Structure formats: structure tokens, C-alpha cells
Amino acid sequence: DTGVSQDPRHKITKRGQNVTFRCDPISEHNRLYWYRQTLGQGPEFLTYFQNEAQLEKSRLLSDRFSAERPKGSFSTLEIQRTEQGDSAMYLCASSHRTHSYNEQFFGPGTRLTVL
Amino acid sequence: GQSLEQPSEVTAVEGAIVQINCTYQTSGFYGLSWYQQHDGGAPTFLSYNGLDGLEETGRFSSFLSRSDSYGYLLLQELQMKDSASYFCAVSVGGGNKLTFGTGTQLKVEL
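Okay, so let's go over this structure. These numbers come from a predicted model, not from an experiment.

1. Describing the environment of Arg15 of chain A
- One can find Arg15 of chain A in the loop between strand S2 (10–13) and strand S3 (19–24).
- Sequence spacing of Arg15 of chain A and Thr2 of chain A is 13 residues, and the spatial spacing of their C-alpha atoms is 35 Å.

Below, the structure written as C-alpha cells:
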């Protein structure tokens, strides 16, 4: 499978714990995006990378959220001191200039439940 | 900030044509995209309009009018498998980050 992959697919945690998600984009896609989606809503932009550089972070993202893409390939999203409001589907997407970056390929997501 | 409006639900019969409208308010507009998402699935790209006019891809077409801040997705020859949520999304800024609408749930009936 050469699509975007995410791990884990599901995560249940207790409030106050830290969690980390991983995203592996399509090979050679130099842009990588993180979104969050809650039930009945569209995905909400969190942050994006071009290669290893984090170029933009949503103002809605609290300091408890951090993302990295150390070698310009896979990325991790960490949430510290989780809160019940963090429960959502966390989606990763990647894109390439072949399509002028207009087409984003989404992974299956990590569903986070905070108890 | 950005805001997008699209109908919450549309119902149509198999074989029919349906149009899903999207109006937006945003600064730094680059283009309008459409994504399909089945229940429990990931969003999948359908189309992108950077310029005014109609883009056609098989049974799906998308239209954009930048002056009216308006676009639509047209689905022809509806099939049961087209039952899904459809999101319009605006690209803002050079990074092509997407701001999504709240989605339109399309139900295709026999």
C-alpha cells in the first residue's frame, strides 16, 4: 500500500496522559498536514510541514500540542496532558508539487478518546 | 478568518443529478476543493478550481465563481455508492492549507 498511513488507528487514554501519533506520508510528498475532525464537522487545520520545516501552526492549537517531522519523512503529533475536549479523529495528509499541492491525500486517521 | 456555507443534507434518487452549493468568505483565497468522505473513512479528493469556470472529471463536475465567492459540485448519474459526506474547502495562503465547510450529507435512494 503506497498511501498515507497513520499509527495507531485508535487510542484510548485517561485525562492528563500524553499521547503521540505517527504519520507516514506518501513517499516523496514534501508537504505534510495535520487536521482534527470531530463528529459532524469538517476537518480542522492544525499545522503543516514542508520537508522538515513546520511552516504554519493554527492559532487554535494550544501549547499542549506539538508536531515534528525530523527528517522530512514521517511526522509525529504529541498531545500533552490530554483533556476530554481533545477527543477527535486526527487526520494526516500529504501533497506534492506534481499536483501544484492542490490535491491532498489523507490517511485513515487516529481516533483519540480521552476518558 | 474564513467561513463556508453548504447545505447539511441532500437526498436524491439513483440516476439523478444533484448539485451541492458552497459559498465562502475568506481572505487570501487561492482555490476551492471538494472532498468526499464515507462514514468511517478518510476524505478523498474530488476536484479543485483555482480559476473561474467548470472542471469536469467523469461523473463529477465542479464550478467556481471568484467574484461571487461561490462554487458547486455537480454529481451526475448518481449511484448508491455516492452516498457520503461532501466537503468544500478553501485553500488559503501559499501553503495550500485547507479550511473545510461543515459538509453536506448526500443520501442516494433507489
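Next, the rest of the story.
2. Looking at the pattern of salt bridges
All names here are of chain A.
- The tally for this structure, following the rule as stated, stands at seven salt bridges over all chains.
- In this structure, Asp24 engages Arg22 in a salt bridge whose closest nitrogen and oxygen atoms are separated by 2.7 Å.
- Salt bridges sharing common partners tie together Arg64, Glu83 and Asp86.

3. Examining the interface of chain A and chain B
- On the side of chain B, 16 residues touch chain A, which itself brings 20 residues to the contact.
- Carbon and sulfur atoms supply 52% of the area buried between chain A and chain B, which totals about 1500 Å² over both sides.
- For chain A, the biggest contributors to the area lost against chain B are Pro43, Asn102 and Phe106 of chain A; these three give 33% of the whole.
- Here Glu56 of chain A ties to Lys97 of chain B by a salt bridge, and the two come within 2.5 Å at their closest N and O atoms.
- The interface formed by chain A and chain B holds seven residue pairs in polar contact (both at pLDDT 80 or more) in total.
- Looking at the side of chain A that touches chain B, the element that brings in the most residues is strand S4 (residues 31–37) of chain A, giving four residues.

What counts, and at which threshold
- Residues numbered from 1 in each chain as written.
- Chains lettered and ligands numbered in written order.
- Predicted model: local features only at pLDDT ≥ 70, side-chain atom pairs only at ≥ 80, totals over all residues.
- Heavy atoms only, no water.
- Helix = DSSP H or I, 4+ residues; strand = E, 2+ residues; numbered from the N terminus.
- Salt bridge = Lys/Arg side-chain N within 4 Å of Asp/Glu carboxyl O.
- Contact = heavy atoms within 4.5 Å.
- Buried area = accessible area lost by both parts, 1.4 Å probe.
- Polar contact = N/O pair within 3.5 Å; in protein donor to acceptor, adjacent residues only side chain to side chain.

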